[in-house]
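A structural walkthrough
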Amino acid sequence: DDNDHGSLLGDVLALLSAFVYGCYVTLIKYKIQDESSVNMFLFFALLGLINVVCLWPFLFILHYTHYEQFQWPPPNILGLLTLNGLISVASDYFWAQSILYTSPVVATVGLSMMMPVAMIADEVFRGEKHSVLYWSGSMFVMCGFILVNLDFKKQHQTDAILVQDDNANDSEKETH
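Conventions used here
- Residues numbered from 1 in each chain as written.
- Predicted model: local features only at pLDDT ≥ 70, side-chain atom pairs only at ≥ 80, totals over all residues.
- Heavy atoms only, no water.
- Helix = DSSP H or I, 4+ residues; strand = E, 2+ residues; numbered from the N terminus.
- Buried < 20%, exposed > 50% of the residue type's maximum accessible area, 1.4 Å probe, protein only.
- Contact = heavy atoms within 4.5 Å.
- Areas by Shrake-Rupley, 256 points an atom, 1.4 Å probe, with all protein chains shown as cover.
- Core = buried A, V, L, I, M, F, W, Y, C linked by side-chain atoms within 4.5 Å.
- Phe/Tyr/Trp six-rings, centres within 6.5 Å; stacked < 30°, edge-to-face > 60°.
- Axes fitted to C-alpha atoms, helices over the stretch in contact; angles between N-to-C directions.
- Parallel < 35°, antiparallel > 145°, perpendicular 65-115°, else oblique.
- Left-handed = near helix turned anticlockwise from the far one by under 90°.
- Nonpolar A, V, L, I, M, F, W, Y, C, P; charged D, E, K, R; others polar.

**Brief notes about the overall build of the protein chain**
When its secondary structure is counted, the protein chain shows six helices and zero strands. Listed by position from the N terminus, the elements making up the protein chain come as α-α-α-α-α-α. Looking at the 176 residues of the protein chain, the share that counts as buried comes to 13%. The contacts of the protein chain with a sequence gap of at least 6 include a subset with a gap of at least 24, amounting to 64%. Counting only carbon and sulfur atoms, one obtains 69% of the accessible surface of the protein chain, whose full area is about 14,000 Å².

**Structural notes on the nonpolar core**
Among the nonpolar cores identified, the biggest contains 11 residues, and these are Val25, Ile28, Ile32, Met40, Phe44, Tyr93, Trp95, Ala96, Ile99, Leu100 and Ala107. Looking at this core, the elements with two or more residues in it are α1 (2-31), α2 (40-64) and α3 (75-101). The biggest single contributor to this core is α3, with five residues. The residues contacting Tyr93, other than those within four sequence positions of it, are Met40, Phe41 and Phe44.

**Some remarks on the side chain of Ser138**
Along the polypeptide, Ser138 turns up in helix α6 (residues 132-175). For Ser138, the contacting residues outside a window of four places in its chain are Pro116 and Met119.

**Topic: the packing of aromatic side chains**
Summed over the entire model, instances satisfying the criterion amount to seven aromatic pairs. Aromatic side chains Phe43 and Phe44 sit 5.2 Å apart centroid to centroid with 75° between the ring planes, which places their arrangement in the edge-to-face category. Judged by relative accessible area, Phe43 falls into the partly exposed class, the value being 22%. Phe44 sits in the buried class, given a relative accessible area of 16%.

**A short note on unusual backbone geometry**
Residues apart from glycine generally show negative phi values, whereas peptide bonds are mostly found in trans. Non-glycine residue His66 carries a positive phi angle of around 60°. You can see His66 is positioned in the loop between α2 and α3. The exposure class assigned to His66 is exposed, which follows from its relative accessible area of 62%.

**So, the packing of α2 against α3**
Following both chains from N to C, one finds α2 and α3 inclined at 120°, their axes separated by 10 Å at the closest point. Classified by the angle between their axes, α2 and α3 sit oblique to one another. For the element pair α2 and α3, the recorded crossing hand is right-handed. Contacts from Met40, Phe41 and Phe44 in α2 reach Asp92, Tyr93, Trp95, Ala96, Gln97 and Leu100 in α3. Its residues assigned to classes, the contact of α2 with α3 shows seven nonpolar, one polar and one charged.

Laid out in structure tokens, this is it:
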């Protein structure tokens, strides 16, 4: 069945995307250990430049092979696309900062908070009502975010105590 094949392919691509994303966020934290050592605006500007330089040729290839026709969007759609791009840049900036201030795990779990926020926005702006099952799942997401943050804080405090103990032991050895 084509539908089952498409679903399987979609699942495989989602897992591949999650793997690449996990490597990406971990690499950011690994390479940029001190948040004061990097200019995030410059980081994302260079990332955008690399994407433009590497991906623009595909737009022309797809257009001239008639696989995907490019049309300039009407002004109202162009405005919405621009707004979407600005919101995405701001979101990515805050997300990258959260990786540097916390950890890749905490930042990624924080992204899952989009689900409860989107549900609230649906209720407020679109008048859409969600079932108790949706709200229960949303509560689990929020609890997971809180638990991950509590564990991160506990680990961070334990690491700080261990560093203090090591420094005290080093000072003691120097005096003797």
